[in-house]
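# Secondary and tertiary structure notes
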Amino acid sequence: MNNRTISQIIEPQLVIEGAGVLLRRSIAPRASNEYDPFLLFDHFAFNNPLEGPIRGFPTHPHRGIETVTYMLEGSVNHRDSLGNAGKIGSGDVQWMTSGRGILHEEMPRRSENGNIYGFQLWVNLPAAQKMSQPRYQEVSAGEIPVVEKDGATIRLVAGELDGTRGPVTEIAAAPLYMDVKLAPASKFILPIPSGHTALAYVFNGAGEFGDQIVESVSMVVFNDDGSQIEVKSEAGVQFMLIAGAPFNEPIVPYGPFVMNTREEIEQTIQELRNGTFIK
Ligand code: FE
């Protein structure tokens, strides 16, 4: 079994999104589609009252993608144009398949101790599913299986690990998505299918990823040169492991839309203007 090596370590950049929300962004949608099938990864961390009130993400559209929100502290209230509404609480996951389109708002709220801590991942949809019916998979904290293995505590959102299946299923990218916490002096090994993209977002501590020491906060991008990833840690580390099958299709990203052609983007903008975006 060969360990995958690291191709790139990305230092997240601070960006302002929505109505003035400060985020750490490590990848963003680009036509080069380097992390296919993954498009974007944002880290919300408002742990300082000086950052002021959280204004959130007022009504905005999405088409052609999936947005995956995973909260560790605080919550996100959401509401969409189709009548769906709810709260993504601490430890919960929302896997939203926008398909042909939704208009929604997302409003982060601080926990009692004042913190907001969570992640949003965007996963691409293949051409054949870009105009599919919107779908939500909402999983509360207690429904996410926890796998304990050799000093690793893994919350399994999507994919399979040692015979346990994550609750989010039927996703085109066949993703693995898990929150991995390694105790000091432990090791984690995970098989990754050949050809699948693999990323690790390291947000606490430090560890050895494919022979390189990586400190938080960093996005690790793995090469496709081995059958597994191996992570070791002396002092302990926590990371989101993200892997999936690339679609190998051209993409045209435009803000909250990711389609395959310019014409599809133009049509989307046209529909938004003339009020036919929501079918
Ligand atoms: Fe959104």
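Structural data are supplied above this passage.
About the thresholds
- Residues numbered from 1 in each chain as written.
- Predicted model: local features only at pLDDT ≥ 70, side-chain atom pairs only at ≥ 80, totals over all residues.
- Heavy atoms only, no water.
- Donors = N, O, S within 2.8 Å, 3.2 Å for Na, K, Ca; no water.
- Tetrahedral: all angles 85-135°; square planar, octahedral: opposite > 155°, others 65-115°.
- Helix = DSSP H or I, 4+ residues; strand = E, 2+ residues; numbered from the N terminus.
- Buried < 20%, exposed > 50% of the residue type's maximum accessible area, 1.4 Å probe, protein only.
- Salt bridge = Lys/Arg side-chain N within 4 Å of Asp/Glu carboxyl O.
- Core = buried A, V, L, I, M, F, W, Y, C linked by side-chain atoms within 4.5 Å.
- Contact = heavy atoms within 4.5 Å.
- Pairing = 2+ DSSP bridges.
- Axes fitted to C-alpha atoms, helices over the stretch in contact; angles between N-to-C directions.
- Patch = residues over 30% accessible without salt bridge, like charges linked within 9 Å, V, L, I, M, F, W, Y side chains within 5 Å.
- Areas by Shrake-Rupley, 256 points an atom, 1.4 Å probe, with all protein chains shown as cover.

Further remarks concern the coordination of the iron ion. Looking at the iron ion, one finds its protein donor set to be His60 (NE2), His62 (NE2), His104 (NE2) and Glu106 (OE), positioned 2.1 to 2.3 Å from the metal centre. One can describe the site at the iron ion as irregular: its four donor atoms subtend angles covering 86 to 178° at the metal. Taken in chain order, the donor set of the iron ion reads H-x1-H-x41-H-x1-E. With His62 in strand 5 (residues 57-62) and Glu106 in strand 10 (residues 102-109), the pair connects residues that are 44 residues apart, well separated along the chain. Overall, His62 belongs to the buried group, its relative accessible area being 1%.

Attention shifts here to the pattern of salt bridges. Tallied over the entire structure, the rule returns nine salt bridges. Close ionic contact of Arg79 with Glu105 constitutes a salt bridge, the shortest N to O distance being 3.2 Å. Here Glu105 lies in strand 10 and Arg79 lies in strand 7 (residues 75-80), a separation of 26 residues in the sequence. In this structure, Asp162 engages Lys149 in a salt bridge whose closest nitrogen and oxygen atoms are separated by 3.5 Å. A residue pair is termed long-range when its members are at least 10 positions apart, and Asp162 in the loop between strand 15 (160-161) and strand 16 (164-165) and Lys149 in strand 13 (residues 146-149) qualify at 13 residues. Classification of Asp162 as exposed rests on a relative accessible area of 56%. Under the relative-accessibility criterion, Lys149 is labelled partly exposed at 23%. One network of salt bridges, in which partners are shared, links Glu17, Arg25 and Asp42.

The residue Glu112 is located in the loop between strand 10 and strand 11 (116-124) in this model. On the basis of relative accessible area, Glu112 is assigned to the exposed category, the value being 89%. For the pair Glu112 and Gly74, spaced 38 residues apart in the sequence, the C-alpha separation amounts to 7.8 Å.

With that settled, the discussion passes to the nonpolar core. Residues Phe41, Trp95, Phe119 and Tyr177 are the most contacted members of the largest nonpolar core, which totals 30 residues. Elements with a minimum of two residues in this core: strand 4 (38-46), strand 6 (65-73), strand 9 (93-97), strand 11, strand 14 (152-158), strand 19 (197-209), strand 21 (218-222) and strand 23 (237-244). The element that contributes the greatest number of residues to this core is strand 11, accounting for four residues. When neighbours within four sequence positions are excluded, Phe119 is seen to be in contact with Phe41, Asp42, His43, Phe44, Val68, Thr69, Tyr70, Leu72, Tyr177, Tyr201, Phe203 and Met240. With 26 residues, the next largest nonpolar core counts Ile6, Val180, Val237 and Phe239 among its residues.

This next bit is on the sheet that holds strand 4. Pairing within the open sheet is antiparallel, and its seven strands lie in the order 2-3-4-11-6-9-12. Every other strand in the sheet has two partners, leaving strand 2 (13-17) and strand 12 (135-139) as the edge strands with one partner each. Adjacent strand axes in the sheet meet at a mean angle of 20° when their direction is disregarded. Both strand 4 and strand 11 contribute to a ladder of eight bridges, which runs antiparallel.

What follows is about a nonpolar patch on the surface. A cluster of nonpolar side chains, namely Leu14, Ile16 and Leu22, defines an oily patch on the protein surface of about 310 Å² accessible area. Position of Leu22 relative to the elements: it lies in strand 3 (residues 21-27). Leu22 sits in the partly exposed class, given a relative accessible area of 34%.

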